[in-house]
Amino acid sequence: MRYPLTRSSRWPCAVLCALGVFVLAHTAKAESNFGCANLETDKQLSVVEGRQGYFYRTIADLRMEQQLSEHTASQMAALSEALEAGGTTLVYVPIPTKSLVMPEYLPREAGDYGFDYDVAKRVYDDVIKRLRDHGVVTVDVLGAMKRAGGQEPPFFQADFHWTSSGARAAADGIAAVIQQLPGVNDLAKASFETKPAGRQAIISTMRRLLQANCKQALPLPETDAFTTTEVAAGDAGLDIFGDGTSKGAVALVGTSYSDLAASNFAGFLSQALSSPVTNYSISGGNQFGSITSYLTSKTFAQSRPRFLIWENPIYNSLGKFGDAPLLELRTAAGQSCHEIEPDEISTVGDSTLEIALQDGGKIPDSAVIYVYSGDDRSRQATLRFQLNDGHMFESSIRRADRMISTGRYYFPVRYFGVQASQKLNLEFDRMSAKEVSVGICNTRGG
């Protein structure tokens, strides 16, 4: 999709040069309300200071391009289909940038970085439309957040996270979408009560970095905190020790936005849905940390939720690390793997497995190798095998420190699988030989 150039980009050079002199002169006269200097050129965090103490990151908040290739959209659709086949509806929530939700506080300098609100809004809308066109339930929370009421704006001044006001508005918008989806009547019902918990400050790395370049104290990232508690469960209350299913459950995976206790996002979701929401979000896990930890866990395998809400800021590109993360999630969601017989698996030392495929066994095209190290504390695994031409295939997966380790890995081998010899080698950082399992998962398309 093409977007029109901004007006300034179509002006002749003479006009641009004159405008540039004016902008530089104006910028030179502008003074920071907090005695800040060199914010735009800071190597750790480049920001611009807006009006009334609001700060915007130049890379994330003023970004005009949000990457979503056709291939990535198709991979998201495949993940959604795999989850739905197992009874779980994926609800994807791309969080809009601070500049989209609160453009009224942007400084003039935002235009120097090419920021044009109308174009940024069209890009945001296009991401949502293309995901929806691929069949992914995608929630647009921008309007709800812009209309957020209460005593405070939806984002902090000197931090990029949302306040409780922004979180509540987003939760109400998400709940409104889910309430129109098939399966909503399957949800376990309960009554919730949300009470004020006073003003609470969050720990803000962004404010700390900004403060180093400012003489006066920056606004504290404080919000009106709330706590949400369940006061009565309905007849369909969720039994987490039941028969291995949790069709009435709602799970939340996401980033620090969802993990921010003071903003009470999961609590607002529970109240808006009148159904318990279990929060598996991870701060610092970026786009895949939380959902990978959850979908590869024993918890998900044994007890799938009816709805899986995936919160992710729109600037966290789903294609940043190639298609391997989404292919791993898709395979974990599908769980249609043929387990290799124990007599084909042997141990070498304390941390290595060898798999000898019997009866001329072949790894099919577009295969994914599933392996469980037998130790939930395992964070790293490496798959190796020799190709028919003598070359070695090697692939490693390492779970980041912020992620919750599960000891379960899914290795895409694609067309290399059909060229593999009859022996696979798997090496782990931790392994329990008595509990290991290996499987070959055949995915279509991917």
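See the structure above.
Throughout, a residue's number is its position along its own chain's written sequence, starting from 1. Where totals are concerned, whole chains, interfaces and linings use all residues; where local detail is concerned, this predicted model gives features only for residues with pLDDT of at least 70, and gives and counts side-chain atom pairs only at 80 or more. Side-chain numbers come from the whole structure's heavy atoms, not from hydrogens or water.

S.K.: Which residues make up the pattern of salt bridges, and what values go with them?
M.R.: Each reported salt bridge corresponds to a side-chain nitrogen of Lys or Arg within 4 Å of a carboxyl oxygen of Asp or Glu. All chains considered together, the criterion is met by 15 salt bridges. Ionic pairing is found between arginine 130 and aspartate 126, a salt bridge with its closest N-O pair at 3.0 Å. Note that arginine 130 and aspartate 126 are positioned in helix α4 (residues 117–133) at a spacing of four residues, about one turn of the helix. In this structure, aspartate 401 engages arginine 398 in a salt bridge whose closest nitrogen and oxygen atoms are separated by 3.2 Å. Comparing aspartate 401 with arginine 398 shows no difference in burial state: the two are exposed. Through salt bridges with shared partners, one network takes in Glu152, Arg199 and Asp224. Here a helix means four or more residues in a row that DSSP labels H or I, a strand means two or more in a row labelled E, and each is numbered from the N terminus. The buried label applies to any residue whose accessible area, calculated with a 1.4 Å probe on protein chains only, is under 20% of its type's maximum; exposed applies above 50%, and partly exposed to all values in between.

S.K.: Residues and numbers for the environment of alanine 324, please.
M.R.: Its location among the elements puts alanine 324 in helix α12 (residues 324–334). In this structure alanine 324 comes out as partly exposed when scored by relative accessible area, which is 31%. For the pair alanine 324 and phenylalanine 411, spaced 87 residues apart in sequence, the C-alpha to C-alpha distance is 8.1 Å.

S.K.: Describe the layout of surface pockets, naming the residues involved and giving the relevant values.
M.R.: Grid points spaced at 1 Å over the protein atoms alone were grouped into cavities, where a 1.4 Å probe fits but cannot get out, and pockets, open sets with protein on both sides within 12 Å along at least five of seven lines, with lining residues defined by an atom within 4 Å of a point. Grid points are joined across faces, edges and corners, and a volume is the space filled by probe spheres set on the points. Quantified by volume, the largest pocket comes out at close to 830 Å³. Lining the largest pocket are 32 residues, and of these Arg57, Phe160, Ser256, Asn286 and Tyr315 lie nearest its centre. Within the residue set of the lining of the largest pocket, elements represented by two or more residues are α7 (205–211) and α8 (256–259). The biggest single contributor to the lining of the largest pocket is α7, with three residues. A per-class count over the lining of the largest pocket returns 13 nonpolar, 14 polar and five charged. Side-chain classes follow a simple rule in which Ala, Val, Leu, Ile, Met, Phe, Trp, Tyr, Cys and Pro form the nonpolar group, Asp, Glu, Lys and Arg form the charged group, and the remainder, Gly included, forms the polar group.

S.K.: Talk me through unusual backbone geometry; I want residue IDs and the actual numbers.
M.R.: Phi angles above zero are rare outside glycine, and glutamine 52 is one such case at about 55°. Position of glutamine 52 relative to the elements: it lies in the loop between β1 (47–49) and β2 (55–57).

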